[in-house]
Structures are given as C-alpha cells and as structure tokens.
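What follows is the residue order along each chain.
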Amino acid sequence: MEISNNLNIPEKKILIIGNRSYKNLWDELILLWTIKLLQEKKKNILVAAYDPNRLQKFLSQFIDTSHITFLSEIPKWPRSLRKYITTGKLKERKTYRKVDAIIIWGGEILTEESPNAYWYRLISTLPSLRKKIPFYLMGGIQIPKKKINIQLFKFLLKRTKKILARDKESVQELKKFWFSNAEFFMDTSFFAYDRKKPRNSSPVTRNYIIVNINYNAQKFLPEILQDVQKYHQQWYEIYYVPVAKWAQEAYNDSIYAKTIQRQLKLSDQWFKILDREKDFEYFIKIVSQAHMVISSRLHLFLIANFLWVPTKVYPYQKKILKMEKMIRSLGV
C-alpha cells in the first residue's frame, strides 16, 4: 500500500492545536512534518503551544519558522489561567478567531485511557466556536464509552469537516459511529526525516541496544530490566533515551534511567544517555545502527520501525497495539 503525503486541506489560514508541545519527541516530529506538508501547500500556519519560544527554537533546526505564528495555548487550569492573564496573552484570542480552519492533532488525540483528553482538545477551540471555524482531526481516535465523553465527542464531530486517522481501525470505528468523512493518513512523523539516508550509510548494526520506559508503563519495569540484563551479559552497551522531559514525574522518562542503571549496577562505561534534542541527525544515526530498540513509548517504537531497526514494545495503551498492527500491515 502506498503511503501518501498529500495533506489536502483547502483552507488557507490554519491553526494547529492539541498538544502541549513541550519536550516530547514524537509530538514534535508529528508537528514538524504536519507543518512541512502545509508549507508545501503554501498555507499560513499558526501553532498553539505550551511554550511557544522553546518550540520555535526546536523546530528552527529543521524548518524556516519565521513565517509561522506561535501562540500560547488556551489555559486549562486556574494556575495557568492566572499566568495567561498576567503575561498579557488574552489579546491572542483575537488571532485564534481569524483562522480559516483548525487541525486538532497529536497521537491518540481522543481516548479515555488518557484522563481529560477531551477537555485538553476542546479547550483551545473555544475562541473559534462563535465563528464556526471547521475542524480537522488528525491522529488516532477511540470511540468513547462514557456518557459525558460521548456528548463531547458528538459536539466535536458536528464541527469536524474531515478526519485523517493514522490507523484503519479508527476509520472503520468512526464510520460505524456515523462519521463517514474519515480516511487513513499515515502518522506524519513517518515523513519527518529521510529514512533512506541512515539506512544506506549504516548497513551494519552496532553492539548496543536502545531503551526507554515511561511512567505509565512502569509495570513492565521487571521485564525490561531482564531484557537489558540479558543484552548486557552479551557485552552490549545500553543507550537510554528520555523521550519526554517534563519536570513532572509522569512525563519525565529520565528517572527510569537512574533506576535501570542502579538496579543492574551498570557503570557509566556501559550505560549512556542518548539525547535527542541537541543534534537530531546524530540521534537518528545512533538509532539506525542499534541492534535492538526496547520501548514502552510509541514515540521511539515508531522511529525505530521507520528506520528498519528491530523493536520490542511494551504496550501500556491500546494506541501502541493499533499502530504496531498498522505498521505490520503496511510492511514498514
């Protein structure tokens, strides 16, 4: 099956919302290539983000961001609302209302496995509701079961012009639910770098593995420790990738690097941190040469698969299983 990168959205001025956009590798790659696809269509792009300055700096490594408008996302809680007001961000609501369409995107954008998913997605659309600006949903979508979420979902779909789902299961479920204008569109992180380049330049794998675990998958820690121990006993080096780097424990993968190194008594000679922020080309090169990637995050699982690197995934949410099935069916 051919994977198309033709992002067909006719409106000119497009706002992208839905992700807190803060030190999360996979969300940043999705955003990066969504922007690139829109730039190819000569669109006027706006991006709502948790930290607009930091996000612009990160993306500027890959694309010209000078013509992109970065906005502070609409606050979701009282503390962030207070900061939003005191820093003069209220005036940005006018900019929100001037767009022609909104892309609501990012991973499994609507799922009851993630608390407040519907709230997070809908809150940033509030400034646009009066103008009835059309929505486009991009990513993975699960049909809700809770009554309140069903009502929110129906409200969202009434405003949605088209859904570009990253897996066929979501497309089929949406059509059963009654929303017919849904089609498959590959997770845009698939397009975010030249996969042929590292493959052709690195035909031989190296004697190391790459590991990641996150807060939601900590129940798999004993199995992951066994995996790491097995490879270490075979004289493999261990690279650990903190995919997400929030200050909050639930979004900071770095804490598990210390846990793995301490419990397995690995010296710094055998256990290294692989930073994916400072030099992304170097990061991709290291991943492409790995003997194996072991991950609980869909983020790293997808990148490794796109680079033809053997993977072992510990799925803590349905989204990982859906994308694993999708990738296998596409032969990626």
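Because the structure is predicted, anything quoted here is derived from the model rather than measured. (Residues numbered from 1 in each chain as written. Predicted model: local features only at pLDDT ≥ 70, side-chain atom pairs only at ≥ 80, totals over all residues. Heavy atoms only, no water.)

Peer 1: I would appreciate a short explanation of the overall build of the protein chain in the present structure.
Peer 2: The number of helices and strands found in the protein chain is 13 helices and 13 strands. Considering only contacts within the protein chain whose residues lie at least 6 apart along the sequence, 71% involve residues at least 24 apart. Of the roughly 15,800 Å² of accessible surface on the protein chain, 50% is carried by carbon and sulfur atoms. (Helix = DSSP H or I, 4+ residues; strand = E, 2+ residues; numbered from the N terminus. Contact = heavy atoms within 4.5 Å. Areas by Shrake-Rupley, 256 points an atom, 1.4 Å probe, with all protein chains shown as cover.)

Peer 1: What am I meant to see in the sheet that holds strand β9 (residues 208-212) here?
Peer 2: Across a sheet, paired strands are connected by hydrogen bonds in the backbone, their directions being either parallel or antiparallel. Taken together, the 5 strands give an open sheet; going across it, the order is β11-β10-β9-β12-β13, and neighbouring strands pair in parallel fashion. The open sheet has two free edges, formed respectively by β11 (271-273) and β13 (311-313), since each of these has just one partner strand. On average, each strand axis in the sheet is inclined to that of its neighbour by 20 degrees, with strand direction left out of account. Where β9 lies against strand β12 (residues 292-295), 4 bridges are found, and the strand directions are parallel. Residue V211 lies in a different strand from β12, and its bridge partner there is I294. (Pairing = 2+ DSSP bridges. Axes fitted to C-alpha atoms, helices over the stretch in contact; angles between N-to-C directions.)

Peer 1: Even after reading the chapter, I still don't get the packing of aromatic side chains, so can you show me in this structure?
Peer 2: Each aromatic ring pair is characterised by the separation of its centres together with the angle its planes make. This structure, assessed with the given rule, holds 9 aromatic pairs. Centre to centre, the rings of F220 and Y314 are 5.3 Å apart; their planes meet at 45 degrees, and the pair counts as tilted. One end of the pair, F220, is in the loop between β9 and α9 (221-233); the other, Y314, is in the loop between β13 and α13 (318-330), and 94 residues separate them in sequence. As far as burial versus exposure is concerned, F220 and Y314 are alike and both buried. Members of the aromatic cluster, each reached through a chain of ring pairs, are F153, F177, W178 and F179. Sitting over the face of the ring of F135, R159 holds its NZ or CZ atom 5.2 Å from the ring centroid. (Phe/Tyr/Trp six-rings, centres within 6.5 Å; stacked < 30°, edge-to-face > 60°. Buried < 20%, exposed > 50% of the residue type's maximum accessible area, 1.4 Å probe, protein only. Lys NZ or Arg CZ within 6 Å of the ring centre and 35° of its normal.)

Peer 1: Looking at this structure, I do not really get the pattern of salt bridges. What am I missing?
Peer 2: Opposite charge on two side chains allows them to pair when their charged atoms are near. Overall, the coordinates contain 6 salt bridges when judged by the stated rule. For E237, the salt bridge identified is with K272, shortest N-O distance 2.9 Å. On the criterion of sequence distance, the pair formed by E237 in strand β10 (residues 237-240) and K272 in strand β11 is long-range, its members being 35 residues apart. The class for E237 is partly exposed, based on a relative accessible area of 21%. (Salt bridge = Lys/Arg side-chain N within 4 Å of Asp/Glu carboxyl O.)

Peer 1: In this structure, what is going on with a positive patch on the surface? I would like to understand it.
Peer 2: Residues R93, K94, R97, K98 and R130 make up a contiguous surface patch of positive charge. Mapping R97 onto the fold places it in the loop between α4 (93-96) and β4 (101-104). By relative accessible area, which is 32% here, R97 ends up partly exposed. (Patch = residues over 30% accessible without salt bridge, like charges linked within 9 Å, V, L, I, M, F, W, Y side chains within 5 Å. Lys, Arg positive; Asp, Glu negative; His and termini not counted. Charge placed at Lys NZ, Arg CZ, Asp CG, Glu CD.)

Peer 1: When you look at the nonpolar core in this model, what are you seeing that I'm missing?
Peer 2: Generally speaking, a soluble globular protein has its nonpolar side chains buried in company with each other. Counting 84 residues, the largest nonpolar core has I210 and I260 as the members making the most contacts within it. Sorting elements by how many residues they give to this core places helix α1 (residues 25-40) first, with 8 residues. Counting residues in each nonpolar core, the second largest holds 27 residues, with I102, I104, L137 and L174 among its members. (Core = buried A, V, L, I, M, F, W, Y, C linked by side-chain atoms within 4.5 Å.)

Peer 1: For this particular structure, what's the right way to read the packing of helix α11 (residues 280-288) against helix α12 (residues 298-306)?
Peer 2: For any two helices packed against each other, one specifies the inter-axial angle together with the distance between the axes. Two numbers describe how α11 lies on α12: the axes approach to 9 Å, and their chain directions differ by 75 degrees. Taken together, the axis directions place α11 and α12 in an arrangement best described as roughly perpendicular. Side by side, α11 and α12 meet where F283, I284 and V287 of the first sit next to L300, I303 and A304 of the second. For the contact of α11 with α12, a count of residues per class yields 6 nonpolar, no polar and no charged. (Parallel < 35°, antiparallel > 145°, perpendicular 65-115°, else oblique. Nonpolar A, V, L, I, M, F, W, Y, C, P; charged D, E, K, R; others polar.)

Peer 1: Please explain the environment of D64 as it appears in this structure.
Peer 2: Mapped onto the secondary structure, D64 falls in the loop between α2 (52-59) and β3 (69-72). With relative accessibility at 47%, the residue D64 sits in the partly exposed group. Between the C-alpha atoms of D64 and K36, which are 28 residues apart in sequence, the distance is 9.7 Å.

Peer 1: Whenever I open this one, unusual backbone geometry confuses me. Can you help?
Peer 2: Residues apart from glycine generally show negative phi values, whereas peptide bonds are mostly found in trans. Phi is positive for K132, close to 60 degrees, though the residue is something other than glycine. Considering the arrangement of structural elements, one finds K132 in the loop between α5 (117-123) and β6 (135-141).

Peer 1: Please clarify how the pairing of β3 should be interpreted in this entry.
Peer 2: Within a regular beta strand, the side chains point alternately toward one face of the sheet and then the other, so they alternate between its two faces. Direction of pairing for strand β2 (residues 44-49) relative to β3: parallel, over a ladder of 4 bridges. Bridging across to β3, A49 finds its partner in S72. As for the winding sense of the linkage, the β-α-β connection from β2 through α2 to β3 is right-handed. (Right-handed = clockwise from strand over helix to strand, strands pointing away.)

Peer 1: I'm lost on the pairing of β6 in this one. Help?
Peer 2: Counting buried residues along β6, 7 of its 7 residues qualify, which places the element largely inside the surrounding structure. Relative to β6, β4 runs parallel, the two being bridged by 3 bridges. Looking at β6, one finds that I104 is bridged to L137. Strand direction decides the pairing type here: β6 and strand β7 (residues 160-165), joined by 5 bridges, are parallel. Bridge pairing links L137 to I163 in β7. Tracing the backbone out of β6, into helix α6 (residues 147-159) and back to the parallel element β7 gives a crossover that is right-handed.

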